[in-house]
Amino acid sequence: MTTWLDKNFSSLQPTRAIIMRALRHLRPADRKKLFSEDIPEMRTAEGRWFEAIVYEMILDLSLQTDLILSVVARGADGPAKVRRAQLGQNGLFYSNIGDIKVRGNGQDLAEVDLVLVDHTGALTFGEIITSPADLKEFEAEIRYKKQLFGYLYGQPTVPFLLISSVDISRTAVVRRLLKEPDNVLLTTPTCEDLKGLIRQRDLKRSPTRRIKHEKLISIKDIPPRRPFDYKKLHDERMQSIIAAVTSKKGVGELGTPDEIPPIVKKVIFGGLYPSAIRMLDARYPIRIKGKTYDPDTVQKQFSKVVLAVNIPEYRPIIYLRTRNKKEYLKMVPSKTGGFKFESRRTPHMAGFFLWLESVQPSLGAELTRELLDALPAIHAPAAAATGEP
């Protein structure tokens, strides 16, 4: 299927009819932003529109070959009502705007722009981009998604389509990805060229919301073939890390392959008891926007301190639950030692926020110290997947 698409994708040029049909996937506010003078707003709307254009092109191409068995619905073709993120959710779900997401214990593990099923029943996923600027962590993201889909659907190999409106074939990341025979790069005309096929007044038309298509299926039609309890896998990985850190063998054991599937990309160890918070602040100072917080200030301003670690680089993270707001401050290691403020985590990140809310104090000073003393010294060559919470 990917070989066929590689040879035939360029035969279908995006026509005015296709790009007008793609407008049905954009909310009215996003359609207005396509010609906005606010460049960041315009680029965001343009990116969503381009994703929809590629999706419509694939729908048309799927009718030309039996190698494409099904196209998974997205955007306006997704369900009118979606299930909100909840703890315990595992598998594929739709967002409120029709994006395809993989959730583990309610947390969004990955989002994919396109999912196809070939004539053998195997899944292929696609990523659709409009700029070469966001490729820094892209390679690790794709490799993680391949592992994730391979585990869920029992596929030794998971083909990948990269569809771009700019020529990125010469970038180092893409060259490495294309060395794998099951990865394919497809290129379209630029967004500027596509936008030239329509006028601003065309956006005032009310596009048809839904279409009927013989090859469209829902994510409900492709349930994971392997039982998937992400929280269980998470806890197994957490225990393996703790055992490695506290054993005589040391943290070098973390690099040893084991039987736990490599799909857990973040481990939440738990909340810190007051004694652990005092130890943390003494050895690894907490700084927020240039201000250093002592243990009393930390406990006064924050109701919870949670220790986590990113995998595969094993970089420790501290989440501070603000007392007067529904938010967590994400603290990452600072080059000068200790932890510095990086960003906020709010209820908008529904599944991950719920998971953090469910965490209770469980870590004393001794174990917290052992973990923090060990983890910063571990360095893995791969970067974390993008979009991690």
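Residues numbered from 1 in each chain as written. Predicted model: local features only at pLDDT ≥ 70, side-chain atom pairs only at ≥ 80, totals over all residues. Heavy atoms only, no water.

Novice: Go over the overall build of the protein chain, please, and point to the residues and values.
Specialist: Looking only at helices and strands, one finds 12 helices and 17 strands in the protein chain. Relative to a compact globule of 389 residues, whose C-alpha radius of gyration would be 21 Å, the protein chain shows 23 Å and is just as compact. In the protein chain, which comprises 389 residues, the proportion classed as buried is 54%. Here the analysis covers contacts within the protein chain between residues at least 6 apart in sequence; of these, 67% occur between residues at least 24 apart. As presented, the protein chain carries roughly 18,700 Å² of accessible surface, and 51% of it is formed by carbon and sulfur atoms. Positive and negative charge centroids in the protein chain, built from 61 and 46 side chains respectively, lie 4 Å apart. (Helix = DSSP H or I, 4+ residues; strand = E, 2+ residues; numbered from the N terminus. Rg over C-alpha atoms; globule rule 2.2 N^0.38 Å. Buried < 20%, exposed > 50% of the residue type's maximum accessible area, 1.4 Å probe, protein only. Contact = heavy atoms within 4.5 Å. Areas by Shrake-Rupley, 256 points an atom, 1.4 Å probe, with all protein chains shown as cover. Lys, Arg positive; Asp, Glu negative; His and termini not counted. Charge placed at Lys NZ, Arg CZ, Asp CG, Glu CD.)

Novice: Go over the sheet that holds strand 2 (residues 90–94) with me, naming the residues and quoting the values.
Specialist: Ordered in space as 2-3-4, the 3 strands form an open sheet in which the pairing is antiparallel. Each edge of the sheet is formed by a strand with only one pairing partner; in this case those strands are strand 2 and strand 4 (107–112). In this sheet, neighbouring strand axes are inclined to one another by 30 degrees on average, regardless of whether the strands run parallel or antiparallel. Pairing of strand 3 (residues 100–104) with strand 4, which is carried by 5 bridges, proceeds in the antiparallel orientation. (Pairing = 2+ DSSP bridges. Axes fitted to C-alpha atoms, helices over the stretch in contact; angles between N-to-C directions.)

Novice: So what's going on with the layout of surface pockets? Which residues, and what values?
Specialist: Space inside the largest pocket adds up to approximately 1,700 Å³. Surrounding the largest pocket, 48 residues form its lining, Arg 48, Asp 99, Lys 101, Asp 108 and Glu 111 being those nearest its centre. (1 Å grid on protein atoms, 1.4 Å probe; cavity = no way out; pocket = protein on both sides within 12 Å on 5 of 7 lines; lining within 4 Å. Points joined across faces, edges and corners; volume = space filled by probe spheres on them.)

Novice: Tell me about the sheet that holds strand 13 (residues 302–310), residues and numbers included.
Specialist: Read from one edge to the other, the open sheet built from 8 strands follows the order 12-11-16-15-14-13-10-17, with strand pairing classed as mixed. Whereas interior strands pair on both sides, the edge strands pair on one side only; in this sheet they are strand 12 (291–293) and strand 17 (361–363). Taken over all neighbouring pairs, the strand axes of this sheet differ in orientation by 40 degrees on average, direction set aside. Relative to the sheet, helix 9 (residues 274–283) contacts strand 10 (266–272), strand 11 (286–288), strand 12, strand 13, strand 14 (315–322), strand 16 (339–345) and strand 17, its axis offset from that of strand 10 by approximately 110 degrees.

Novice: Tell me what's going on with the environment of Leu 203, and back it up with residues and numbers.
Specialist: Positionally, Leu 203 belongs in the loop between helix 7 (191–195) and strand 9 (216–217). For the pair formed by Leu 203 and Met 20, sequence separation is 183 residues and the distance between their alpha carbons is 8.5 Å.

Novice: So what about the packing of helix 8 (residues 230–246) against helix 12 (residues 365–374)? Which residues, and what values?
Specialist: Look at helix 8 against helix 12: their axes get within 10 Å of each other, and the N-to-C directions meet at 85 degrees. For the element pair helix 8 / helix 12, the angle class is roughly perpendicular. Packed against helix 8, whose contacting residues are Ile 242, Val 245 and Thr 246, the element helix 12 presents Leu 367, Glu 370, Leu 371 and Ala 374 at the interface. Here the residues of the contact of helix 8 with helix 12 sort into 5 nonpolar, 1 polar and 1 charged. (Parallel < 35°, antiparallel > 145°, perpendicular 65-115°, else oblique. Nonpolar A, V, L, I, M, F, W, Y, C, P; charged D, E, K, R; others polar.)

Novice: Lay out the side chain of Glu 139 in plain terms, naming residues and giving numbers.
Specialist: Among the secondary structure elements, Glu 139 is positioned in helix 5 (residues 138–153). We classify Glu 139 as buried; its relative accessible area is 15%. Among the polar contacts made by the side chain of Glu 139, one reaches the side chain of Arg 176 at a distance of 2.7 Å. Not counting the four nearest positions on each side in its chain, Glu 139 is found in contact with Val 173, Arg 176 and Leu 177. (Polar contact = N/O pair within 3.5 Å; in protein donor to acceptor, adjacent residues only side chain to side chain.)

Novice: Requested: an account of the pattern of salt bridges, with residues and values cited.
Specialist: Taken as a whole and assessed by the stated rule, the structure comprises 27 salt bridges. The residue Arg 344 makes a salt bridge to Glu 327 at a minimum N-O spacing of 3.1 Å. Here Glu 327 lies in the loop between strand 14 and strand 15 (328–333) and Arg 344 lies in strand 16, a separation of 17 residues in the sequence. By relative accessible area, Glu 327 is classed as buried at 9%. One salt-bridge network, in which partners are shared between bridges, spans Glu 139, Arg 143, Lys 146, Arg 176, Glu 180 and Asp 182. (Salt bridge = Lys/Arg side-chain N within 4 Å of Asp/Glu carboxyl O.)

Novice: Now, about the pairing of strand 7 (residues 160–164): what can you tell me, with residues and values included?
Specialist: Extensive coverage of strand 7 is indicated by the burial of 5 of its 5 residues. Across the two faces of strand 7 the burial is the same, with Phe 160, Leu 162 and Ser 164 and Leu 161 and Ile 163 all buried. Two strands pair when backbone bridges link them, and strand 6 (residues 123–129) and strand 7 are joined in this way by 5 bridges, in the parallel orientation. Its bridge partner lying in strand 7, Glu 127 is registered against Leu 162. The parallel pair strand 6 and strand 7 is bridged by helix 5, and the resulting crossover is right-handed. Note that strand 7 and strand 8 (residues 183–187) share 5 bridges and pair parallel. The partner of Ile 163 across the bridge, within strand 8, is Leu 186. (Right-handed = clockwise from strand over helix to strand, strands pointing away.)

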